[in-house]
Amino acid sequence: MFRQRMQTELNNIAYQMQMAERELARLPEVPFYCETVRGGNVQWLVKEGQNKHYLSKKEKQLALRLVRQKYLRYLMEDLQKEYEALQKCCGAWNKAGKAEKLMSQSSYRKLLEEAMSDKRYGRTAGVDTEKIDAWVSEKYATNPHHPEKLKHYTISGHTVRSKSEVLIASCLHMHQVPFRYEAALEIGGKILYPDFTMLHPQTGEILYWEHFGLMDDAVYRNNALEKLAIYGNNGIHPGGNLILTYEISDAPLSIREVEAIVRLRFEEMR
């Protein structure tokens, strides 16, 4: 059982590394730094050999690409360390890695969050670029409960609560599906926080994705069923505008399953 779960995790990490590497191939390889100066202002610095160059605010698009590249390279290093640790059966890599430390720095975080969400979403018809960009950049309320559990970093720049959600977020990002993580949804007189709220790039339809990761726990399972009942009573149905995935301790979510769902629901119209 342990070997099977570890092999699944190795496959998942390998997939994340592959996606990050593919993304890096499209980004410049120039060292980039954010420097905080007097007054709390942040300057963007590019270094090429012995030469230094400060970017102006007019060069923000370049800064977005460079900070994105920096984060992904650090994330690749962290994933490689985790992969090697698992291979040696030494357990998960628990130290804070470079990508996590970069995200924790206020001078980088704001720019990095914008950089990681600044992606042109592919489509063939239905939704124009401005509508998608406006939806992606719009502020929204998120789940305020247990923020300390948001400890898993993704290539999309989000922090999520589980490694299974890392797979979903990364797959949506790589397939250019705009999404929000744990966005507040007022429904049936209650406030729910779907794991993922997605805007279909072709149809403009709003879809939801709930991943239930502890279905072999009775209390968790009953709560999940109550949540599904609220959705169903308010026009959000599995097989329609609600995507569902599940796992138990002996059968973790696999990247193949996530990939198949994303291709079926979002790629078929392209």
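Up top is the structure.
Throughout what follows, the structure given in this document is the object of discussion. All values reported here derive from a predicted model rather than from experimental measurement. (Residues numbered from 1 in each chain as written. Predicted model: local features only at pLDDT ≥ 70, side-chain atom pairs only at ≥ 80, totals over all residues. Heavy atoms only, no water.)

### Some points on the side chain of Asn12
Item 1. Within the secondary structure, Asn12 is located in helix α1 (residues 2–24).
Item 2. The contacts of Asn12, once residues within four sequence positions are left out, are Leu167, Leu253, Ser254 and Ile255. (Helix = DSSP H or I, 4+ residues; strand = E, 2+ residues; numbered from the N terminus. Contact = heavy atoms within 4.5 Å.)

### As for the pairing of strand β1 (residues 32–36)
Looking along a regular strand, one sees the side chains alternate between the two faces of the sheet.
Item 1. As paired strands, β1 and strand β2 (residues 42–48) are joined by five bridges and run antiparallel to one another. Its bridge partner being in β2, Cys34 is matched across the sheet by Trp44.
Item 2. The hairpin turn running from β1 into β2, its antiparallel successor, is five residues long, and Gly39 in that turn takes a positive phi close to 80 degrees. (Pairing = 2+ DSSP bridges.)

### Considerations on the packing of helix α6 (residues 163–174) against helix α8 (residues 255–267)
Item 1. Axis separation between α6 and α8 bottoms out at 10 Å; the angle between their running directions is 40 degrees. Comparing the axis directions of α6 and α8 gives the class oblique. As for the relative orientation of α6 and α8, their crossing is right-handed in sense. Note on element contacts: α8 touches α6 through Ile255, Val258, Glu259, Val262 and Phe266, opposite Leu167, Ile168, Cys171 and Leu172.
Item 2. Of the residues in the contact of α6 with α8, the class split is eight nonpolar, no polar and one charged. (Axes fitted to C-alpha atoms, helices over the stretch in contact; angles between N-to-C directions. Parallel < 35°, antiparallel > 145°, perpendicular 65-115°, else oblique. Left-handed = near helix turned anticlockwise from the far one by under 90°. Nonpolar A, V, L, I, M, F, W, Y, C, P; charged D, E, K, R; others polar.)

### Re the pairing of strand β3 (residues 51–55)
Item 1. Direction of pairing for β2 relative to β3: antiparallel, over a ladder of five bridges. Within β3, the residue paired with Trp44 across the bridge is Leu55.
Item 2. Connecting β2 to the antiparallel partner β3 that follows it, the hairpin turn spans two residues, and Gly49 within it adopts a positive phi of roughly 65 degrees.

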